[in-house]
Amino acid sequence: MNDARVRRRYLDRTISLLFPGPGEDRPYSLLPHPLIPRRLTPRAWWHPCGRVMVPAGRDSIETHLSEVLDTPIRVTLHVRPARRANRKPVLEARGPDGTVAFVKIGDTDRTRELVAHEARTLAMLAETPLKTVIPPTVLHHGSWRDLSVLALSPLPVRRGAAGADLRAEAIREISGIGGERFAWHGDFSPWNIARGPDDRLLVWDWERFGTGVPLGFDALHHFLQRALRRMDPPTAARACVAQALPLLAPFGLSAGEARLTAVHYLTALAHRHAADGHEPLGPPAAWLNPVVDSQEVLV
């Protein structure tokens, strides 16, 4: 089945889940919105254009969100089309005065786990003093018709990219969260961060947050995700190791420590993909094993 048909079938399924029952059809935009983080509405050739008709009945996700957020809600629907283990519907919930929340919907066992983990992480961050990082606030976390619903506050995105110094300071602050060896955001990608007010960094998508990892995983992940936009996975993985020292020198790592950390990061990423049952970079034998073999003396 081609990608367009897969996207269409997933979209149809999502609409039936979120807008069940009879009702008069009404158009819902699927276009990217300038205030939505790129992670939630990636600008790409496959992005749906135009509008899609969905039922506007009483028993819908809009009704539920209107109740829990205590304001009339209309939603803009985005379904991430990539075949990923964490693919899930994401809604922009709009009230009378503009955007009220971004809402993640857990519609599979795996995405329910990720949504719940992000809710717990953000609850913990709400109790953690942070000087550099600004995470979203949980406005609501609950269930509706066997779906997990996580409503997050919109963040004040500003124009302009986050510089290397600001990213490094944010990574350093995140690494100290949780009381373990080191923590990492888990998906510190260019589309999950943005420059915020007062020289702080807005950071979304905490569903992969974890602790007990070597310092620098987030910096390596940021580099790899950028590299994958212009390189195939084997080349990007090799570049990740080759650039490990300049990437991790701001955190005090030596050349050997930096390369070893890069190998550990790539291995951890492969383990994540295996646990998800999905190989977005292809088989590890093609992109990971050559890198590990070339650094065998380190590991």
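Residues numbered from 1 in each chain as written. Predicted model: local features only at pLDDT ≥ 70, side-chain atom pairs only at ≥ 80, totals over all residues. Heavy atoms only, no water.

### Some words on the packing of aromatic side chains
At step 1: This model, assessed by the stated rule, comprises four aromatic pairs.
At step 2: Each ring, one from Trp184 and one from Tyr265, has its centre 6.2 Å from the other, and the planes form 85°; the classification is edge-to-face. Residue Trp184 is found in strand β9 (residues 183–184), and its partner Tyr265 is found in helix α8 (residues 255–276); the two are separated by 81 residues along the sequence. Just as Trp184 is buried, Tyr265 falls in that class too.
At step 3: Between Phe217 and Tyr265, the aromatic rings sit 5.7 Å apart at their centres with planes inclined by 70°, giving edge-to-face as the arrangement. Placement of the pair is Phe217 in helix α5 (residues 217–227) and Tyr265 in helix α8, with a sequence separation of 48 residues. Of the two residues, Phe217 and Tyr265, both sit in the buried class.
At step 4: Here the aromatic cluster, defined as three or more aromatic residues joined through ring pairs, consists of Trp184, Phe217 and Tyr265. (Phe/Tyr/Trp six-rings, centres within 6.5 Å; stacked < 30°, edge-to-face > 60°. Helix = DSSP H or I, 4+ residues; strand = E, 2+ residues; numbered from the N terminus. Buried < 20%, exposed > 50% of the residue type's maximum accessible area, 1.4 Å probe, protein only.)

### Observations concerning the environment of His271
At step 1: Of note, His271 is situated in helix α8.
At step 2: The spacing of His271 and Pro284 is 13 residues in sequence and 9.4 Å in space, taken between C-alpha atoms.

### Focus on the packing of α5 against helix α6 (residues 233–242)
At step 1: Packing of α5 against α6 leaves a shortest axis separation of 9 Å and a crossing angle of 145°. At the point where α5 passes α6, the crossing takes the right-handed sense. Residue-level contacts link Leu220, Phe223, Leu224 and Ala227 of α5 to Ala236, Ala237, Ala239 and Cys240 of α6.
At step 2: Partitioning the contact of α5 with α6 into residue classes produces eight nonpolar, no polar and no charged. (Axes fitted to C-alpha atoms, helices over the stretch in contact; angles between N-to-C directions. Left-handed = near helix turned anticlockwise from the far one by under 90°. Contact = heavy atoms within 4.5 Å. Nonpolar A, V, L, I, M, F, W, Y, C, P; charged D, E, K, R; others polar.)

### Describing the sheet that holds strand β6 (residues 133–134)
At step 1: Taken together, three strands build an open sheet; the order of strands is β6-β11-β10 and the sheet is mixed. Two strands bound the open sheet, and with one partner strand each, they are β6 and β10 (193–195).
At step 2: Taken together, the three bridges between β10 and strand β11 (residues 201–203) define a ladder with antiparallel strand orientation. Directly across from Ala194, in β11, lies its bridge partner Leu202. (Pairing = 2+ DSSP bridges.)

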